[in-house]
Amino acid sequence: MRTVLRRRHLGTATLALGLLVFTDVLRVFLPSVITIFGQAASTPAELLGAFALGWFVLALAAPALVARVGARRVGLVAVAVLSAARLALTATPGGRTQLWLATAGLLAGLVWLAAIAGPVRRPLTGLVLGLTAGALGQALTGTHDPVWWGRWEAWLLSLLLVGSLLVVAFAAKPESGRPEDDTEALPPGRSWLLVGPGLLLGGMVALSPAVASTAMSFWLGAAGTAGTPLFALAPLAAAVALFVFCALTPPPSRPLFPVLLLAGALLFGYGPPGFLGVAMLLTAAGLGGCLALTAADRGRSTAARRGYAATGGMLVFALAAVLYYAAYDIGYPNGWLPALVAAMVGIVALGGRRRPATAADGALPPPVPLANGRSGWPVALLAALLSALLALVAAAVQGPWLVATNRGGPPEQIRLVAYNIRMGFGLDGRFDLAALDRAIGRADVVLLSEVDRGWLLNGGHDTLHLLANRLDMPYVFAPAAGALWGDAVLSRWPVQRARTRTLPAVGAPTGAQALGVTVDFSDGVRLAVVSTHLQPPPGTDPVVQARVVAEFATGYAEGGPLVVAGDFNTEPGDPAFTALTDAGLVDALTAVRPLPTSPADDPRTQIDHIFVSPDLSATDPTATPSTASDHLPVAVTLKLPPARP
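Residues numbered from 1 in each chain as written. Predicted model: local features only at pLDDT ≥ 70, side-chain atom pairs only at ≥ 80, totals over all residues. Heavy atoms only, no water.

**A closer look at the confidence of the model for the chain**
This prediction gives the chain a mean pLDDT of 88; 91% of its residues lie at or above 70. Below pLDDT 50 for its whole length, residues 1–5 participates in 1 contact with residues either more than four positions away or in separate chains. Low confidence marks residues 356–375, where pLDDT is under 50. Its contacts with residues over four positions away, or in another chain, come to 35 contacts. (pLDDT = per-residue confidence, 0-100. Contact = heavy atoms within 4.5 Å.)

Structure (structure tokens):
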């Protein structure tokens, strides 16, 4: 009996650690598709999606391979390849090597899932531990995955993780004493079918540290914008506690958790940014409860069916992710997609027949309650409390505790930088905060475009949170496409009167906005700053959006000194550019024209600009050479006018 329990513990540990390594690779593969295989917004979204989906479709052949060769052999080879790919990604300099290493790791991970689905009879504990540990691990690193660190600590953490996985994977034995056989009857595979949807909903909203920090900032913000929050990751503590507790306790009502999950997904897709935290909590509780419902199913299935359930669920993950994020390039409503996946999860959770669980169902302590309905509660409560405590520790460690001060009085001049950072990914496809820092250089006010605060497609980073910490500059954020993607202003001085203006879409798929803040230098010296990113349809001049920005900016400044900057997707002399100069604004970069800013490795187009009001003196205009993004940052030194009476 003791040997059987040890094997079950090893199977659970293998599943949990394998999910950790697999999701690490997945968070590299997804952004590599849109930054290395192609270029988002220029390469057809259909082509990017076909490349990504193809590997998930190919993995549907894995269960047949497992049946022919054996689950243990296939599983050990696959986990070895997965581990090797994960380690190699720590060292790769990016580019095509990164893309193909991540692709190899992805395919190996999918094959490993198909192989482990047969021997692990009750996967719930391993799934819950893997999803929770992934969320907490990302929180402890501030959403900056070690694979992108480029220093020795990344190797240490990677070796510990991969080494632990290999040790338990090779030590684990099949849970059955009989030879592995595809005809062997096993418990149903509903939990395996939900691995993919669980990774999607967990990474997209329910268990995402980046979503937690963004949600907290919206709770503290105003007018659709947000300042830097204290304990930025704190909402994750409640989310992981709800997820773990609901997954490891008896569902009080069968329809309750599918309803909670659907409500959270709908709120995520259609609710205002201020309700992002509520959506996170509802989705976390609903997802955990739905997993608990599948673990309490009655029935039998073959190992092959369980393998197909695992790979089929991952295909759902890929298809839903591609469709959701392709909407921002192609242009169609996508808020319904998380709700559709949530509805599918609810249907799967409700589709099984309930049965009393027994101690033979999984690793001890049992992942679902025993027949008396009580034995799972103490373990679930303890696990939930420990998860919440770790999340709070991560929140305290990561902060940020950034405070803007007046620094002894107003300066005579400031350095202002405007930069489209492409979600933090350079031309080599690597997420490189250090390169962004170098490109920005010495700056007092920074305006950022294409700021990602938790898109799963880009690895789930809170790029703004991370960059603000590195620059030691508090921020104000305004969403443009959903709640997690938009523009920001970072300032070393306090900001006031944050305002936003949604720009007309004029047929463009990605949303656009204008964010206005007033930088207070003390003693009555203030500067109105407007950050924007015009998003016209392909081949169209954004003149309509430019006119709205000019109207918003001049009205917001109320006659005071004003800066309007960002990625305008228009060149000097074009109608949109002229619309801004006709509004009385001055091109601050005119002294060094032509000043191409895109693409970064061979600049040919002048589409990033800084406009100022006539009372501001702009000197030293530059476009700093860098491949930390697909754009170059533009910068000027501004001499501040005296205080207004």
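**Points about the sheet that holds strand 6 (residues 413–420)**
Ordered by their spatial adjacency, 7 strands build an open sheet running 2-8-9-7-6-17-16, and the pairing between neighbours is mixed. At either end of the open sheet lies a strand with only one pairing partner, and these are strand 2 (226–227) and strand 16 (617–623). For strand 6 and strand 17 (residues 634–639), the ladder comprises 6 bridges, and the chain directions are antiparallel. Paired with leucine 416 across the two strands is valine 636, which belongs to strand 17. Across the face of the sheet, helix 18 (residues 463–471) comes into contact with strand 7 (445–452), strand 8 (475–479) and strand 9 (485–491) while running at roughly 155° to strand 7. (Pairing = 2+ DSSP bridges. Helix = DSSP H or I, 4+ residues; strand = E, 2+ residues; numbered from the N terminus. Axes fitted to C-alpha atoms, helices over the stretch in contact; angles between N-to-C directions.)

**Details of the packing of helix 3 (residues 62–69) against helix 5 (residues 95–116)**
It is at 9 Å that the axes of helix 3 and helix 5 come closest, and there the two elements cross at 55°. Accordingly, the angle class assigned to the pair helix 3 and helix 5 is oblique. Like other packed secondary-structure pairs, helix 3 and helix 5 cross with a definite hand, here right-handed. Residues Ala62, Pro63 and Val66 of helix 3 lie in contact with helix 5, whose contacting residues are Val111, Ala114 and Ala115. Each residue belonging to the contact of helix 3 with helix 5 can be placed in one class, and the counts come to 6 nonpolar, no polar and no charged. (Parallel < 35°, antiparallel > 145°, perpendicular 65-115°, else oblique. Left-handed = near helix turned anticlockwise from the far one by under 90°. Nonpolar A, V, L, I, M, F, W, Y, C, P; charged D, E, K, R; others polar.)

**Brief notes about the pattern of salt bridges**
For the structure shown, the criterion picks out 11 salt bridges. Note that arginine 470 and aspartate 437 form a salt bridge whose closest N and O atoms lie 3.2 Å from each other. Of this pair, arginine 470 sits in helix 18 while aspartate 437 sits in helix 17 (residues 433–440), placing them 33 residues apart in sequence. What emerges from the salt-bridge pattern is a single network uniting Asp24, Arg27, Arg86 and Asp145. (Salt bridge = Lys/Arg side-chain N within 4 Å of Asp/Glu carboxyl O.)

**Notes on the packing of helix 12 (residues 256–270) against helix 15 (residues 336–350)**
Where helix 12 meets helix 15, the axes come as close as 8 Å, and the angle between the chain directions of the two elements is 175°. On the basis of their axis angle, the class for helix 12 and helix 15 is roughly antiparallel. In contact with Pro258, Leu261, Leu262, Ala265, Leu266, Phe268 and Tyr270 of helix 12, helix 15 contributes Trp336, Pro338, Ala339, Ala342, Ala343, Val345, Gly346 and Leu350. Looking at the contact of helix 12 with helix 15 residue by residue, the classes come out as 14 nonpolar, 1 polar and no charged.

**Some remarks on the environment of alanine 62**
In this fold, alanine 62 is placed in helix 3. Taking the relative accessible area as the measure of exposure, alanine 62 reaches 4% and is therefore buried. Residues alanine 62 and tyrosine 308, spaced 246 residues apart in sequence, show a C-alpha to C-alpha distance of 8.1 Å. Beyond its immediate sequence surroundings of up to four residues, alanine 62 is in contact with Val111 and Ala114. (Buried < 20%, exposed > 50% of the residue type's maximum accessible area, 1.4 Å probe, protein only.)

**Some points on the pairing of strand 17**
Consecutive side chains of a regular strand alternate in pointing toward one face of the sheet and then the other. Within strand 17, 5 of the 6 residues are buried, which leaves it mostly tucked inside the rest of the structure. Sheet analysis places strand 16 next to strand 17, joined by 5 bridges and oriented antiparallel. By the bridge assignment, serine 617 is partnered in strand 17 with lysine 639.

**Regarding the nonpolar core**
Within the largest apolar cluster, 156 residues are counted, with the highest numbers of intra-cluster contacts made by Trp192, Phe317 and Leu490. Of the residues forming this core, the biggest block, 15 residues, is contributed by helix 1 (residues 2–37). In this structure, leucine 490 is in contact with Asp444, Val445, Val446, Leu448, Leu464, Ala468, Leu471, Met473, Pro474 and Tyr475, ignoring residues within four places of it in sequence. Within the second largest apolar cluster, 32 residues are counted, among which are Val445, Ala478, Ala588 and Leu638. (Core = buried A, V, L, I, M, F, W, Y, C linked by side-chain atoms within 4.5 Å.)

**Here's the deal with the sheet that holds strand 14 (residues 586–587)**
Reading across the sheet, the 6 strands line up as 10-11-12-13-15-14 and stay open at both edges, with mixed pairing between neighbours. What marks the edges here is a single partner per strand, and that holds for strand 10 (495–502) and strand 14. Where helix 19 (residues 543–557) meets the sheet, it contacts strand 10, strand 11 (513–520), strand 12 (526–533) and strand 13 (562–567), and its direction lies at approximately 155° from that of strand 10.

**Details of the side chain of threonine 35**
Summarising the element assignment, threonine 35 is placed in helix 1. Given the relative accessible area of 3%, threonine 35 is considered buried. With sequence-adjacent residues up to four places away left out, threonine 35 is seen in contact with Arg422, Phe425, Leu427 and Gly429.

**Some details on the packing of aromatic side chains**
Each aromatic ring pair is specified by the distance between its two centres and by the angle formed by the two planes. Counting across every chain of the model gives 18 aromatic pairs. With 5.8 Å between their ring centres and 15° between their planes, tryptophan 455 and tryptophan 485 make a pair best called stacked. Of this pair, tryptophan 455 sits in the loop between strand 7 and helix 18 while tryptophan 485 sits in strand 9; the two residues are 30 residues apart in sequence, bridging distant segments of the chain. Summarising the burial analysis for this pair, tryptophan 455 and tryptophan 485 share the class buried. Ring geometry for phenylalanine 552 against tyrosine 556: centres 6.0 Å apart, planes inclined by 25°, an arrangement best described as stacked. Taken together, the positions of phenylalanine 552 and tyrosine 556, both in helix 19 and 4 residues apart, correspond to about one turn of that helix. (Phe/Tyr/Trp six-rings, centres within 6.5 Å; stacked < 30°, edge-to-face > 60°.)

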